[in-house]
Amino acid sequence: MNDSIPERLHLTLSELISQQIEERHATELRAVLSTGNEITMHGTFTVGSDFIIYRTAKDAGGKWAMTPFAHIVQLII
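I will try to describe carefully the structure that is included in this document. None of these values were measured; they are calculated from a predicted model. (Residues numbered from 1 in each chain as written. Predicted model: local features only at pLDDT ≥ 70, side-chain atom pairs only at ≥ 80, totals over all residues. Heavy atoms only, no water.)

Quick look at the overall build of the protein chain now. Within the protein chain one finds one helix and five strands. The contacts in the protein chain between residues at least 6 apart in sequence include a share of 34% that link residues at least 24 apart. Carbon and sulfur atoms form 52% of the exposed surface of the protein chain, whose accessible area is close to 5700 Å². (Helix = DSSP H or I, 4+ residues; strand = E, 2+ residues; numbered from the N terminus. Contact = heavy atoms within 4.5 Å. Areas by Shrake-Rupley, 256 points an atom, 1.4 Å probe, with all protein chains shown as cover.)

Structure, rendered in structure tokens:
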């Protein structure tokens, strides 16, 4: 019996998401929040250890928003 922990369990959620964004060349993320609201995040993402920063509009004039991982129930990449 092997008691070693799979390597993937040592990664944080932000590391797993960043890897998926890179592999899929994702420019859009959808998330369902704990409030029941669904949001769509467009463009270039900055994935921090506790949150995702994204533009609220597709054009360059869009404002930046931040969504904490703690409020995300489901994330679709």
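Let us look at the nonpolar core. In this structure, Met41, Phe45, Ile52 and Tyr54 are the most contacted members of the largest nonpolar core, which totals 14 residues. The set of elements that each furnish at least two residues to this core consists of helix 1 (13-24), strand 1 (28-33), strand 2 (38-47) and strand 3 (51-55). (Core = buried A, V, L, I, M, F, W, Y, C linked by side-chain atoms within 4.5 Å. Buried < 20%, exposed > 50% of the residue type's maximum accessible area, 1.4 Å probe, protein only.)

With that settled, consider the sheet that holds strand 2. Within the open sheet, the five strands sit side by side as 4-3-2-1-5. Their pairing is antiparallel. Both outer strands of the open sheet, strand 4 (64-68) and strand 5 (72-76), are each paired with one neighbouring strand and no more. The mean inter-strand angle of the sheet, taken between neighbouring strand axes irrespective of direction, is 45 degrees. Running at roughly 85 degrees to strand 2, helix 1 makes contact with strand 1, strand 2 and strand 5 of the sheet. (Pairing = 2+ DSSP bridges. Axes fitted to C-alpha atoms, helices over the stretch in contact; angles between N-to-C directions.)

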